[in-house]
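Listed here are the chains, written in short residue letters.
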Amino acid sequence: MARIRILGAAGSGTSTLGSALAQRLAVPHVDSDSLYWLPTDPPYSTMRPPDQRLALLLETLPATGHWVFCGAATEWAAALEPHCDLIVFLRLDHALRMARLRRREAARFGARILPGGDMAATSAGFIAWAEAYDTTGSMSRGLLTHEAWLADQPAPVLHLDTKEPVGDLVAAVLDRLGTAA
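This one's a predicted model, so the numbers in the text were calculated from it and none came from an experiment. Each chain carries its own residue numbering, running from 1 in the direction its sequence is written. In keeping with the predicted nature of the model, local features appear solely for residues at pLDDT of at least 70, side-chain atom pairs appear and are counted solely at 80 or more, and the whole-chain, interface and lining totals rest on all residues. Only hydrogens and water are set aside; all other atoms, that is, all heavy atoms of the structure, feed into the side-chain values.

Cis rather than trans, the peptide bond between D41 and P42 has omega equal to 5 degrees. With respect to the helices, strands and loops of the structure, P42 is situated in the loop between α2 (32–36) and α3 (50–60). Positive phi, close to 60 degrees, is recorded for Y44, a residue that is not glycine. In this text, helices come from DSSP runs of H or I with a minimum length of four residues, and strands from runs of E with a minimum of two, each type numbered from the N-terminal end. Looking at the element boundaries, Y44 is found in the loop between α2 and α3. Each residue gets one of three labels from its accessible area relative to the maximum for its type: buried under 20%, exposed over 50%, partly exposed in between, using a 1.4 Å probe on protein chains only. A residue is classified by how much of its surface remains accessible, and Y44, at 34% relative accessible area, is partly exposed. Even without being glycine, A73 reaches a positive phi, approximately 40 degrees. Counting through the fold element by element, A73 comes out in the loop between β3 (67–70) and β4 (86–91).

So this is what it looks like as C-alpha cells:
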C-alpha cells in the first residue's frame, strides 16, 4: 500500500491514472477539484473556503491511510507532502493534451460550452488557461511552478509520458513502488 500523489497539466491524465491506480490498489482516490470547488451548477464556479478545503482533505486522506490524490494543489494540500510515498508527474505532448481536453469538455458539457451556452465563456477561459501551461511564468499554475515544487519534495518523483496506455502507466507506478503488477 502507498500514499501516491499525481499531478500534471490539465488534460494530462491525472484523474484517469489516479482512478486506475486506486482501483488496482483498492485504496481511496480523491481528485483535488472535488475538494477545491463546491458542487454547483454550472460547475467549477465557487471555490470552497480554504479552511473547509483543508479539513476535508485531512479527513478524506489521513496521514496514516493509503490513498491516491490527484491534482496540482501544490499550496493548499501541503499538509500531505511529508506523507507521500511517491509523486507521479505526468506530461503529454501539448497538441495531444489539448485535443484530449477539448474532447473531455465536449463530452462533459455538450451544448453548454458552445457559443450562447451558459458555460461558453467559462469553458473558453479554461481552455485558454490550459493552453498556457507550458509557457506561463512561475507565478501561475504551470510547468515552471510544478517543476519548482517537485524539486522541493521529500518523496521520490516518477515522471511519466501519458501517451502510453493507462495499463502501462499503472504498471510503471507499481514497479516503482515495488508492488507486483
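The element strand β1 (residues 3–8) is extensively covered by neighbouring structure, given that six of its six residues are classed as buried. Neither face of β1 is left uncovered, since the one carrying R3, R5 and L7 and the one carrying I4, I6 and G8 both have all their residues buried. Relative to β3, β1 runs parallel, the two sharing four bridges. Across the sheet, R3 pairs through a bridge with W67, a residue of β3. Between any two strands, pairing holds if DSSP finds at least two bridges. For β1 and β4, the ladder comprises five bridges, and the chain directions are parallel. Within β4, the position partnered with L7 by the bridge is F89.

Let us look at the sheet that holds strand β5 (residues 157–161). Strand order in the open sheet made by the five strands is β2-β3-β1-β4-β5, with parallel pairing throughout. Two strands in the sheet have a free side with no partner beyond their single neighbour: β2 (29–31) and β5. On average, each strand axis in the sheet is tilted by 20 degrees relative to the strand beside it, whichever way the strands run. The sheet contact formed by β2 and β3 spans three bridges and is parallel. Looking across to β3, one finds that V30 is bridged to F69. Contacts are residue-level and defined by heavy atoms, with any inter-residue pair within 4.5 Å sufficient. Angular values range over 0 to 180 degrees, each being the angle between N-to-C directions of two axes fitted as lines to C-alpha atoms, with helices fitted over their stretch in contact. Packed on one face of the sheet, helix α1 (residues 14–25) meets β1, β2, β3, β4 and β5 and runs near 165 degrees to β1.

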